[in-house]
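Observations on the three-dimensional arrangement
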Amino acid sequence: MTSLQRLWVCRGRILLCCLLGSLWETAALQIHYSIPEEMEKGSFVGDIAKDLGLEPHKLSELGARIVSGGKQHFVLNVRRGSLIIAERIDREKICLGISICLLNVELLMEGKVKIYGIEVEVTDINDNAPRFRTDEVEIKINENAAPGIRFGLPSARDPDVGVYSLQSYQLSQNNHFSLNVRSGIDGVKYPELVLERMLDREEESVLHLILKASDGGDPSLSGTARIRVLVLDSNDNAPVFTQSEYSVSVPENVPEGTLLLRMNATDSDEGVNGEVTYSFWNIDDKASEIFQLDSRTGELLLVESLDYEESKIYEMEIQGQDGGGLLTSAKVLVRVLDVNDNAPEVTVTSFTSSIPENSLPGTVIALLKVHDRDSGDNGHVTCSIPGHLPFKLEKSYANYYSLIIDKTLDREQISTYNVTVTATDQGTPLLFTDTHIPLRVEDTNDNPPSFDQISYSAYIPENNARGSSIYSVTASDPDTEENARPTYSISDYILHGAPLSSYISINSETGVLYALRSFDYEQFRDLQLQVTAKDGGDPPLSSNVSLTLFILDQNDNAPEILYPTFPTDGSTGVELAPRSAEPGYLVTKVVAVDGDSGQNAWLSYRLQKATEPGLFSVGLHTGEIRTIRAFLDKDALKQSLVVAVMDNGEPPLSATISVTVAVADSIPEILSDLSNLKTAVHLEDASLTLYLVIAVAVVSSLFFVFIIVLLVIKLRHWRNSQVLRSYSSQLGNIPHSQFVGLDGVQAFLQTYAHEVSLTMDSRKSQLLFPQPNYADTLISQQSCEKKEPLLIPEDSRFSARDPALISQAPPNTDWRFSQAQRPGTSGSQNGDEGGTWPNNQFDTEMLQAMILASANEAADGSSTLGGGAGTMGLSARYGPQFTLQHVPDYRQNVYIPGSTATLANAAGKRDGKAPAGGNGNKKKSGKKEKK
């Protein structure tokens, strides 16, 4: 029993200690200061750093700041760690009518996410004197009024509290009245004027009194009001209210104009003395703006809206006065009832927008302050958040709530939260406020990279290209940024005497594997790799996966013949076959192997070449060489066989072997012949080399011949261009005005007919320029009058001063042409039909020379005779039907000065022959000029 009592005593002590500890912690979070009102701005209030046990610089490091809502009366000096006044504080403005004025300040430590409450009490000083609402009061008293009657006086107001508030009233010295002071339920003192002696209007009709109100300050402050008492004739009955105190309770949301209260005062007198008027007697300024009193009915009306949060009760005094001047008064109390008209307010005091996903439960995310201006249940606020979130709300201090982490966070599942904090009061109806707090979960490196498969396998053909990509692995990481960026590597080990890194490499960013060597199936058939993916987090996380690379065989090995082999001493290996061998006799067997595997190693044998076709056969799969028939006497002693061995790969590879079979019954018979044997392979190789040398020599010769021909053609073209350039320079002195351009060809604007007379034995020749042909459409008047020679170079043997050259020969009127030979269109010319060809030899030669000269100029592209093609420039004079076939050929004795062409050239064009080169024409012209 005793042990049980001790156990209960211990438990009680433990509970007491816990309770005292919690109370001490609560008290430690509350700091109290007291200051008088009307202190200057910047005045010192308290040393917060010292009271919290911190150094002044710690406040700035912890991010201390004041988070109180509403008007800030204080500021925090972080440098000194003290609380100072932000502006002059007037206690009567902020705590009017309140005995103890307390200002609460909340100090937030961001580093600790903790709230400290600071309570500052503003004490009163005697800075306000009592003051009456009216400076002068008039009271009417009947002279028959009995002593002891009371008359209400206006009360003074002093906003100070305590001893500095209104303490006493004093009435000036007089013979008829005394002063009585009564106190209301709120402690307000109301003065009353008491009649002590009967009044006599005939002695003194007006009395002047002074009422003085004083406070308890030192020195005392006071205020005065003048009282003017009018002595009236007899009025026996004063008005009387039905109640000495009227009280009404109204909700704060009643509309304006509502009738709150009706007061009634009665007077037993008749007439004017029985009529009562109502008026406010003692009322403060705020109440006089809210309420209105009907002076005749005594109805109290609401003219402005009520607000419970501003004032909960209004106290006033109503006075009733009859027509005779008698007064009565009654007190009116208007109590304001609170209604739930204010929704809760939520203020986010401290907030962290992003939190690491590895934050521990209990970490504070945000600090919230809730407030409701209503009172009672209407002002009782509860906060809540949705239950499915990994957070919870805890009440930390007064009306502060902390939003803390309740469960482990995982960014890969949910990366952002929008926490809705709902603050709800307990009023009717319920009012609530939603506050949204966005939260972003920051990534931490808590997930290693992962591969899609447990293991990977890949197949690579052998003989692959070096540096080619062979496979790719990819790892995924649900983290973000650097935490989700994997880098790849391969675990190294020794393989066939070389490190694995010399065989395989991997791109650290993409995971693509590259072959650094060409793999050989015959060397190893698979590779075992371990690929590691490591992310870029701190610390980095990694994961491994196994990768097997299988090498696929390719047909890269030709068959290797093991037997028969050539002797190493230089002699020739020979297989013996007796001449008496039966068909199917096994002479020898070709044995071959292939380094590949599978189908690439399947070998087949065939006889490629034999001295005697049809004598031997080779087994397709065995390689056995057997006789097909019996040996004959005509069969050669030495039989040369070429056996090809081919594998089954794609493409197939093969090898050949030459086998020499000696047909003899005994060895001495063939010893003399074996020393001279030559293998067919060596002969074939020698012939092939000779053919290659001949082919290379032929191709080289053809190439040099082509180069020489090309150079000759280029030199000839260059020489022709030089000749044409010197030929075209002779026409450079002809003015451009004498030419007209037609499709890139320049022609003279005038058409001339030339008469040339040349002889074989004479050194003088005659060249005449007759009048131009007016049938040409391109001639002008100036050209018709021109008599001087055209295109005669300075070095010409013909002189322009020779009168024989300037004089024009008259036309031969004896020439006649038939209708088909007339100029112009057939039948368009007038004349005789009986015209004949000139039979004079001299005239014929002149005409022939002129025709040939025109033809020569037309062939050179510089003809001055404007004729058409095929007429040698004579169509303008003799008609289009006139051709050279009517004229004998006298080209041997004709040379046209100033022209680089010859008559033979023109004749060649007429006969369809190609003209000779320009150089040849110049030589011929020179020869003819010499003649």
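Residues numbered from 1 in each chain as written. Predicted model: local features only at pLDDT ≥ 70, side-chain atom pairs only at ≥ 80, totals over all residues. Heavy atoms only, no water.

Looking at an unreviewed UniProt entry, the protein carries the name Protocadherin gamma-A12 isoform X13, with the source organism given as Phascolarctos cinereus. The record in UniProt for the protein states the following under Subcellular location (unreviewed entry): "Cell membrane". The annotation that UniProt attaches to the protein under Function (unreviewed entry) is "Potential calcium-dependent cell-adhesion protein. May be involved in the establishment and maintenance of specific neuronal connections in the brain." (UniProt positions renumbered as here; feature names shortened; annotations may be inferred.)

1. Looking at unusual backbone geometry
Residue Asp218 is joined to Pro219 through a cis peptide bond whose omega torsion reads 5°. Its place among the elements puts Pro219 in the loop between strand 15 (206-215) and strand 16 (222-232). With omega at -5°, the peptide bond leading from Thr428 into Pro429 counts as cis. In this fold, Pro429 is placed in the loop between strand 32 (416-425) and strand 33 (432-442). Unusually for a residue other than glycine, Glu38 sits at a positive phi of about 65°. Counting through the fold element by element, Glu38 comes out in the loop between strand 1 (30-36) and strand 2 (44-47). In this model, Glu481 sits at a positive phi of 50°, which is unusual for a non-glycine residue. Assignment of secondary structure puts Glu481 in the loop between strand 37 (475-476) and strand 38 (487-490). Its relative accessible area of 66% is what places Glu481 among the exposed residues. (Helix = DSSP H or I, 4+ residues; strand = E, 2+ residues; numbered from the N terminus. Buried < 20%, exposed > 50% of the residue type's maximum accessible area, 1.4 Å probe, protein only.)

2. Considerations on the state of the cysteines
Throughout the structure, instances matching the rule amount to one disulfide. Paired by a disulfide, Cys95 and Cys101 hold their sulfur atoms 1.9 Å apart. An S-S torsion of about 55° defines the bridge between Cys95 and Cys101 as right-handed. Like Cys101, Cys95 is buried. (Disulfide = S-S within 2.5 Å.)

3. Regarding the layout of surface pockets
Within this model, the largest pocket holds a volume of roughly 1,600 Å³. In terms of lining residues, the largest pocket is bounded by 34 residues, among which Leu96, Gly97, Arg157, Pro159 and Asp284 are the most central. Elements that contribute at least two residues to the lining of the largest pocket include exactly strand 8 (131-132), strand 11 (156-157), helix 5 (285-290) and strand 24 (313-321). For the lining of the largest pocket, a count of residues per class yields 14 nonpolar, six polar and 14 charged. (1 Å grid on protein atoms, 1.4 Å probe; cavity = no way out; pocket = protein on both sides within 12 Å on 5 of 7 lines; lining within 4 Å. Points joined across faces, edges and corners; volume = space filled by probe spheres on them. Nonpolar A, V, L, I, M, F, W, Y, C, P; charged D, E, K, R; others polar.)

4. Concerning a negative patch on the surface
Together, Glu256, Asp284, Asp285, Glu289 and Glu304 line one region of the surface with negative charge. Take Asp285: it is sitting in helix 5. (Patch = residues over 30% accessible without salt bridge, like charges linked within 9 Å, V, L, I, M, F, W, Y side chains within 5 Å. Areas by Shrake-Rupley, 256 points an atom, 1.4 Å probe, with all protein chains shown as cover. Salt bridge = Lys/Arg side-chain N within 4 Å of Asp/Glu carboxyl O. Lys, Arg positive; Asp, Glu negative; His and termini not counted. Charge placed at Lys NZ, Arg CZ, Asp CG, Glu CD.)

5. A few points about the pairing of strand 31 (residues 400-405)
Of all six residues making up strand 31, six are buried, and the element is well covered by its neighbours. On strand 31, burial covers both faces: Tyr400, Ser402 and Ile404 on one face and Tyr401, Leu403 and Ile405 on the other are all buried. The pairing of strand 28 (residues 364-371) with strand 31 spans five bridges and is antiparallel. When the bridges of strand 31 are listed, Leu368 appears paired with Tyr401. Sheet analysis places strand 30 (residues 391-397) next to strand 31, joined by six bridges and oriented antiparallel. Counterpart to Tyr397 in the pairing with strand 31 is Tyr400. Linking two consecutive strands that pair antiparallel, namely strand 30 and strand 31, is a turn of two residues; a positive phi of about 50° is found at Ala398 within it. (Pairing = 2+ DSSP bridges.)

6. A short note on the sheet that holds strand 19 (residues 259-262)
Strand order in the open sheet formed by three strands is 19-23-22, with antiparallel pairing between adjacent strands. In the strand order of this sheet, the two ends are held by strand 19 and strand 22 (291-293), each with one partner. Each strand of the sheet is rotated relative to its neighbour by a mean of 20°, with strand direction disregarded. Pairing of strand 22 with strand 23 (residues 299-302), which is carried by three bridges, proceeds in the antiparallel orientation. Looking at strand 23, one finds that Phe291 is bridged to Leu302. (Axes fitted to C-alpha atoms, helices over the stretch in contact; angles between N-to-C directions.)

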